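Here is what each chain is made of, one letter per residue.
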Amino acid sequence: DGALCIWSDQELKERVAQAHQPGTPVYALAVVRNKYASAGADGMLKLWDSTLSLLQSIEMQRFRVLIPAAASLSWSANGKKLLVVARSGEMLEFAPDSDSSVLLDETHANTKRGASEAHGLDAHPLNPDIYATTGDDATVRIWSISKRACIQRSPPEILGGAACRCCAFAPTNG
């Protein structure tokens, strides 16, 4: 129901905080030393101290992910960075102290059903460093082999939100 609780020996000891919007699930929790992080269906990422007092509240939408909710969280061993996996497949590293983030990886994911399938693939006819993929998430992604990263992504609205099964560059002009 969006609350954080303290349990001991399979018994609820205390409801500590209404961490996320009432009635919405908490999707992920992470702890390292005396730092806690929670992510909920409400699209919020929240950081807590050892007494579960709120330190920082971040809207997942600011990370520019297709589904602005985290599916998984993990702190670095020193507690300085938080690894966040969005429900839409993007993986990013968030540094709370500097309030900065870096996209580490991404994949095709179906934003309606949660299934994840990539289908289309084509190499650029003129630039051997570039290729394109498509998938259930109704996006076309352009990738760089040398950068090992997605360098451009179309919004799902361009394809009308429909899954895309194939793609091809024009053979004469790329």
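Structure shown above.
Cut-offs used in this document
Residues numbered from 1 in each chain as written. Predicted model: local features only at pLDDT ≥ 70, side-chain atom pairs only at ≥ 80, totals over all residues. Heavy atoms only, no water. Helix = DSSP H or I, 4+ residues; strand = E, 2+ residues; numbered from the N terminus. Buried < 20%, exposed > 50% of the residue type's maximum accessible area, 1.4 Å probe, protein only. Contact = heavy atoms within 4.5 Å. Lys, Arg positive; Asp, Glu negative; His and termini not counted. Charge placed at Lys NZ, Arg CZ, Asp CG, Glu CD. Disulfide = S-S within 2.5 Å. Salt bridge = Lys/Arg side-chain N within 4 Å of Asp/Glu carboxyl O. 1 Å grid on protein atoms, 1.4 Å probe; cavity = no way out; pocket = protein on both sides within 12 Å on 5 of 7 lines; lining within 4 Å. Points joined across faces, edges and corners; volume = space filled by probe spheres on them. Nonpolar A, V, L, I, M, F, W, Y, C, P; charged D, E, K, R; others polar. Pairing = 2+ DSSP bridges. Axes fitted to C-alpha atoms, helices over the stretch in contact; angles between N-to-C directions.

Which residues make up the overall build of the protein chain, and what are the values?
The helix and strand inventory of the protein chain stands at zero helices and 14 strands. Ordering the α and β elements of the protein chain from the N terminus gives β-β-β-β-β-β-β-β-β-β-β-β-β-β. For the protein chain, the spread of C-alpha atoms along the three principal axes comes to 65 × 30 × 25 Å. The 174 residues of the protein chain split such that 37% are buried. Looking at the protein chain alone, contacts between residues at least 24 apart form 35% of all its contacts between residues at least 6 apart. For the protein chain, the separation between the mean place of its 17 positive charges and that of its 19 negative charges on side chains is 2 Å.

Which residues make up the state of the cysteines, and what are the values?
Taken as a whole and judged by the stated rule, the model has zero disulfides. In this structure Cys166 is a free cysteine whose sulfur lies 6.0 Å from that of Cys164, the closest cysteine sulfur available.

How would you summarise the pattern of salt bridges if you had to cite specific residues and measurements?
For side chains of opposite charge, pairing can occur when their charged atoms come near one another. Using the criterion set out here, one finds seven salt bridges in the structure. Between Arg153 and Glu106 there is a salt bridge; the shortest N-O distance is 3.3 Å. Residue Arg153 is located in strand β14 (residues 149-153), and its partner Glu106 is located in the loop between β10 (100-105) and β11 (118-123); the two are separated by 47 residues in the primary sequence. In this structure Glu106 comes out as buried when scored by relative accessible area, which is 9%. A salt bridge links Arg141 to Asp137; its shortest N-O distance comes to 2.7 Å. Of the two residues examined, Arg141 and Asp137, each falls in the buried class.

Tell me about the layout of surface pockets, residues and numbers included.
What the largest pocket holds in volume is close to 220 Å³. In terms of lining, the largest pocket is formed by 14 residues, of which the most central are Phe63, Arg64, Leu103, Glu106 and Arg153. For the lining of the largest pocket, the secondary structure elements donating two or more residues are β10 and β14. Sorting elements by how many residues they give to the lining of the largest pocket places β14 first, with four residues. Partitioned by chemical class, the residues of the lining of the largest pocket number seven nonpolar, two polar and five charged.

Which residues make up the sheet that holds β14, and what values do they have?
Taken together, the four strands give an open sheet; going across it, the order is β11-β12-β13-β14, and neighbouring strands pair in antiparallel fashion. Single-partner strands in this sheet number two, and they are β11 and β14. With strand direction ignored, the average angle separating the axes of adjacent strands in the sheet is 30 degrees. Note that strand β12 (residues 130-135) and strand β13 (residues 140-144) share five bridges and pair antiparallel.

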